[in-house]
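# Structural features, examined
Okay, here's what each chain looks like letter by letter:
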Amino acid sequence: MIRRLLAHSYLILLPTQTTSSFTFLPRHHLLIRSTMPAAHRRSARLKGQSPSSSFSALPQKRSTSSDNNNDYSSMKVVELRDMLKKRGLPVSGIKSDLIERLTTSADCSIAAAADKPKRVKEATAKSTTSSSKKKSSSTEESYCLPRTREHQLPSFTVIGVDEAGRGPLAGPVVAAAAIIPTNIAGIIDSKKITKEEERERLYELLIASPDIRYAVAVVSAKRIDEINILQATLEGMRMAVEGVMGVRTVTNGDNVASAERMEVSYIVTGGVDDDDDVATAKATTTDNASSYYALIDGNKIPKEMPCESESMTKGDGREYSIGAASILAKVTRDRLMHQYDKMYPEYNLSQHKGYPTAAHMSAVGKFGASPIHRRTFAPLKHWEFDKNGKIIGDKKS
């Protein structure tokens, strides 16, 4: 009997008992040295422990952020950068920056799960049904961008700002500004999220997250032709920030982005528990312009910003709030282009969102330009159009 028991167990001597008292434990309850990752063995030696002593047969407490930090500190810079690269996160900076980025991204799903309101849980449940059918190889669903710069500005309410739609031949350019206290797993640069349904899912999670405040500015093709795309983009960014701060209010109480709206430009606001638009909710607070700080994607800052601001090159791939704003802007614009597609079906705008694909250019050559086409963009700027948008020839030089 003892021989059979020894064949499947290890003899464990308890230090507080005599050698005549012992306990048998099944083999699978123990973790032996060969199963320990090399990084843990190195860490154990540095702490003066034997490699096997850093593991226990008893259940272990779930690791915390500080535990993860200790694990990361024992790794080489090249190993940290490999982990960041696999998660789709920036790999630049010194070792401490890399560790902070990894720690922040690992906490995203924990924070999101803890803070989800009812609407977020409903949106997550819907997405889980479809995502469970096929395992995604993307790491976007598990991690989010860090708040590196935001954490360096503890005395400010940080607003992330980004745009969508600078390059297309048709449709508006859309800018978004957002204050988002909650970490949501998957928030990265919208350009790296290739599936439209995934962007839609994250958009719904964002606008349902606790204490979010956001504004989206829609600047029409007509306005783009009037002042050029760069100035229209900067104007939209400023309008969006003003909307979040309550400096600019919603026009005529119309707080929906729609293809039916004929304004040259307008804003849509939301958040603050959806009690009312941001401007109304903001009026009940004591905040002032000096308490806000805008982080703007790109290398330019709009003129006459209502608060202190800084530009951040490739910020939509570096900072959480900017990445979140990029998703708000992208999804808003895509929804508008789907609406425009119903108004102008000959261009198939839902497919290419107004970008100059071969199919789009062929449709313009056949049907001319619609009211939402940007006449100052090549090749349209080289053509003459009649009042109905039909091409009647090349412009005379």
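The following refers to the structure shown. (Residues numbered from 1 in each chain as written. Predicted model: local features only at pLDDT ≥ 70, side-chain atom pairs only at ≥ 80, totals over all residues. Heavy atoms only, no water.)

A few words on the side chain of E310. One can find E310 in strand β8 (residues 308-312). With relative accessibility at 18%, the residue E310 sits in the buried group. A polar side-chain atom of E310 sits 2.8 Å from a polar atom in the side chain of R149. If we ignore the near neighbours within four places in the chain, the residues touching E310 are R149, Y293, A294, L295, I296 and I301. (Helix = DSSP H or I, 4+ residues; strand = E, 2+ residues; numbered from the N terminus. Buried < 20%, exposed > 50% of the residue type's maximum accessible area, 1.4 Å probe, protein only. Polar contact = N/O pair within 3.5 Å; in protein donor to acceptor, adjacent residues only side chain to side chain. Contact = heavy atoms within 4.5 Å.)

What follows covers the packing of aromatic side chains. For the coordinates displayed, the defined rule picks out three aromatic pairs. Here Y347 and F367 contribute two aromatic rings whose centre-to-centre distance is 6.4 Å and whose plane-to-plane angle is 75°, an arrangement assigned as edge-to-face. Highlighted residues: Y347 in the loop between α12 (320-343) and α13 (349-352) and F367 in helix α14 (residues 358-367), separated in sequence by 20 residues. Taking the relative accessible area as the measure of exposure, Y347 reaches 3% and is therefore buried. With 6.4 Å between their ring centres and 65° between their planes, W383 and F385 make a pair best called edge-to-face. Across the pair, exposure class does not vary: W383 and F385 are buried alike. Above the face of the Y266 ring, R261 is positioned so that its terminal group lies 3.7 Å from the ring centre. (Phe/Tyr/Trp six-rings, centres within 6.5 Å; stacked < 30°, edge-to-face > 60°. Lys NZ or Arg CZ within 6 Å of the ring centre and 35° of its normal.)

On to the side chain of D162, then. Examined against the element boundaries, D162 turns out to sit in strand β3 (residues 157-164). Of the side chains with opposite charge, K191 comes closest to the buried, unpaired D162, at an N-O distance of 5.2 Å. Not counting chain neighbours up to four residues away, the residues in contact with D162 comprise V174, A175, A176, M237, D297, D316, I322, A325, S326 and A329. (Lys, Arg positive; Asp, Glu negative; His and termini not counted. Salt bridge = Lys/Arg side-chain N within 4 Å of Asp/Glu carboxyl O.)

Counting 60 residues, the largest nonpolar core has I187, L206, I327, L328, Y340 and L349 as the members making the most contacts within it. Looking at this core element by element, the count peaks at ten residues for α12. For L349, the residues in contact, after removing those within four places along its chain, are A170, M337, Y340, D341, Y344, G354, H360 and I372. Within the second largest apolar cluster, 20 residues are counted, among which are V241, Y292, A294 and I296. (Core = buried A, V, L, I, M, F, W, Y, C linked by side-chain atoms within 4.5 Å.)

The geometry of helix α8 (residues 196-208) relative to α12 is characterised by a closest axis approach of 9 Å and an angle of 120° between their N-to-C directions. In terms of orientation, α8 and α12 fall into the oblique class. For the crossing formed where α8 meets α12, the hand is left-handed. Counting all contacts with α8, which are made through E196, R199, E200, L202, Y203, E204, L206 and I207, the residues of α12 involved are A324, I327, L328, K330, V331, T332, D334, R335 and H338. Each residue belonging to the contact of α8 with α12 can be placed in one class, and the counts come to eight nonpolar, two polar and seven charged. (Axes fitted to C-alpha atoms, helices over the stretch in contact; angles between N-to-C directions. Parallel < 35°, antiparallel > 145°, perpendicular 65-115°, else oblique. Left-handed = near helix turned anticlockwise from the far one by under 90°. Nonpolar A, V, L, I, M, F, W, Y, C, P; charged D, E, K, R; others polar.)

Now for the environment of T182. Here T182 shows up in the loop between β4 (173-179) and α8. Assessed through its relative accessible area of 7%, T182 is described here as buried. Expressed as a C-alpha distance, the spacing of T182 and P210, which sit 28 residues apart in the sequence, is 6.8 Å.

Turning next to the sheet that holds strand β5 (residues 213-219). If you walk across this open sheet you meet the six strands as β6-β5-β4-β3-β7-β8, and the pairing is mixed. The open sheet is flanked by β6 (265-271) and β8, the only strands paired with a single partner. Strand-to-strand, the axes of this sheet are offset by a mean angle of 20°, without reference to chain direction. Sheet analysis places β3 next to β4, joined by five bridges and oriented antiparallel. Residue G160 lies in a different strand from β4, and its bridge partner there is A178. (Pairing = 2+ DSSP bridges.)

Before going further, it helps to examine α14. In an α-helix there are 3.6 residues to a turn, and that puts residues three or four apart on one side. All of the buried residues along α14 are H360, A363 and V364. Looking down the long axis of α14, one finds its buried residues gathered within 100° of arc, a one-sided arrangement. The exposed residues of α14 that point more than 90 degrees off its buried face are A358, A359, S362 and K366. Elements that come into contact with the buried residues of α14 comprise α13, β9 (383-385) and β10 (391-394). The positive-phi residue at the C-terminal boundary of α14 is G368, with phi of around 85°. (Arc of directions from axis to C-beta.)

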